[in-house]
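So the chains spell out like this:
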Amino acid sequence: MKSAERLLSELQGHSPAALRLAEHASLATRIEPELLRELRIDLMPGASADIEADVWNSGLIELRNPVSARFHHEVQTLLRQTLATQPHRLQETWQVLDRVHRNRPSIIRLEERLVWLGLSNKIDELRQQLQSVISTLLDPSRPGLAPWAVRAIQQLPDDLRGLEETRMLAFGASIRVDNAPPELLENIAPDEIARWAEWLKPQTMDSVTIGVRMLEGDVLEFCPPNQPNSHSLQIPRTFPLSL
């Protein structure tokens, strides 16, 4: 794949208006032909309808099917960064997106709202929304929320992934899914994991057996179970493991 910068430069050379439309569309989790049309009509009056096809068929798109498409992640990040430098355009884009996606699944709308709040630097509102999501995550009747949270957190701007609420959600989601990406926990300190584990863990959680043994010099070693001179411990299967 070409670099995100190269793909954007090529579209700029082909059609600056199409690149501007892509910037608007980047706020969406999924792009539909209807959304491109409404963004063009409402925010780019006078622009040719051809720019919708220019975006839809461009190299900026990672996946597409007859009803929706998705930008490459690196491309979307750069497009959103550009849009965030123009607050008026960002607000107008959100108003169109919120209207067009009003009947989309609530979890998709929530993800888009989180991204919009982050790009708009509405930190207090973002924190309140994240706190609400964390509360919902703790509800055992909502097991599908954790995989969504893993994906949604990775869509937030890097600086907002460092918020305490974002880190809490990242940890709570990671211990509810298999093979959570390691970068999800990059901003979480070991002492935070120790503090949060008890109240963020699921009501029922699988356990894992580890070994522990004392070495010379009073060194405590964690090892696979059943190693010579080791004792077995059962601990919650968190990611990462935490005592």
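Residues numbered from 1 in each chain as written. Predicted model: local features only at pLDDT ≥ 70, side-chain atom pairs only at ≥ 80, totals over all residues. Heavy atoms only, no water.

### A short note on the pattern of salt bridges
- The tally for this structure, following the rule as stated, stands at 15 salt bridges.
- Here Arg109 ties to Asp98 by a salt bridge, and the two come within 2.9 Å at their closest N and O atoms. Taken together, the residues span a long stretch of sequence, with Arg109 in helix H7 (residues 106-119) and Asp98 in helix H6 (residues 87-100) at a distance of eleven residues.
- Look at Arg109 and you get partly exposed, because its relative accessible area is 29%. (Salt bridge = Lys/Arg side-chain N within 4 Å of Asp/Glu carboxyl O. Helix = DSSP H or I, 4+ residues; strand = E, 2+ residues; numbered from the N terminus. Buried < 20%, exposed > 50% of the residue type's maximum accessible area, 1.4 Å probe, protein only.)

### So, the nonpolar core
- Ranked by size, the top nonpolar core spans 69 residues in total, and within it Leu27, Leu60 and Phe71 carry the most contacts.
- With seven residues, the top contributor of residues to this core is helix H9 (residues 145-155).
- Each residue touching Phe71, except ones within four places of it in the same chain, is listed here: Ala22, Ala25, Ser26, Ile31, Val55, Leu60, Ile61, Glu62, Gln76 and Leu79. (Core = buried A, V, L, I, M, F, W, Y, C linked by side-chain atoms within 4.5 Å. Contact = heavy atoms within 4.5 Å.)

### A closer look at helix H3 (residues 33-43)
- All of the buried residues in H3 are Leu35, Leu36, Leu39, Arg40 and Leu43. Within H3, the buried residues cover an arc of 130° as seen down the axis, which keeps them to one side.
- On its buried face, H3 is in contact with helix H2 (16-25), helix H4 (50-56) and H6. (Arc of directions from axis to C-beta.)

### Observations concerning unusual backbone geometry
- With a phi close to 60°, Asn121 is a non-glycine residue in the positive phi region.
- Here Asn121 shows up in the loop between H7 and helix H8 (123-137).
- On the accessibility criterion, Asn121 (56% relative accessible area) is exposed.

### What about the packing of H7 against H8?
- One way to put it is that H7 packs onto H8 with a least axis distance of 9 Å and a crossing angle of 150°. By the angle between their axes, H7 is roughly antiparallel relative to H8. The two elements H7 and H8 meet at a crossing, and its hand is left-handed. Residue-level contacts link Leu110, Arg113, Leu114, Leu117 and Gly118 of H7 to Glu125, Leu126, Gln129, Leu130 and Val133 of H8.
- Taken together, the residues of the contact of H7 with H8 sort by class into six nonpolar, two polar and two charged. (Axes fitted to C-alpha atoms, helices over the stretch in contact; angles between N-to-C directions. Parallel < 35°, antiparallel > 145°, perpendicular 65-115°, else oblique. Left-handed = near helix turned anticlockwise from the far one by under 90°. Nonpolar A, V, L, I, M, F, W, Y, C, P; charged D, E, K, R; others polar.)

### Some points on the packing of H7 against H9
- Interhelical geometry of H7 versus H9 gives an angle of 25° and a closest axis separation of 10 Å. Relative to H9, the element H7 is oriented roughly parallel. Considering the relative orientation of H7 and H9, their crossing is right-handed. Contacts between H7 and H9 involve Ile107, Ile108, Leu110, Glu111, Leu114 and Val115 from the first element and Leu145, Trp148, Arg151, Ala152 and Gln155 from the second.

### Topic: the environment of Ser120
- Tracing the backbone through its elements, the reader meets Ser120 in the loop between H7 and H8.
- Given a relative accessible area of 22%, Ser120 falls into the partly exposed group.
- For Ser120 and Pro87, which are 33 residues apart along the polypeptide, the C-alpha to C-alpha distance reads 6.9 Å.
- A distance of 2.8 Å separates the side chain of Ser120 from the backbone oxygen of Trp116, its partner in a polar contact. (Polar contact = N/O pair within 3.5 Å; in protein donor to acceptor, adjacent residues only side chain to side chain.)

### A few points about the packing of aromatic side chains
- One pass over the full model with this rule turns up one aromatic pair.
- Ring geometry for Trp94 and Trp116: centres 4.7 Å apart, planes at 5°, overall stacked. Of this pair, Trp94 sits in helix H6 while Trp116 sits in helix H7, and the two are 22 residues apart along the sequence.
- Exposure remark for Trp116: the relative accessible area of 7% places this residue in the buried category. (Phe/Tyr/Trp six-rings, centres within 6.5 Å; stacked < 30°, edge-to-face > 60°.)

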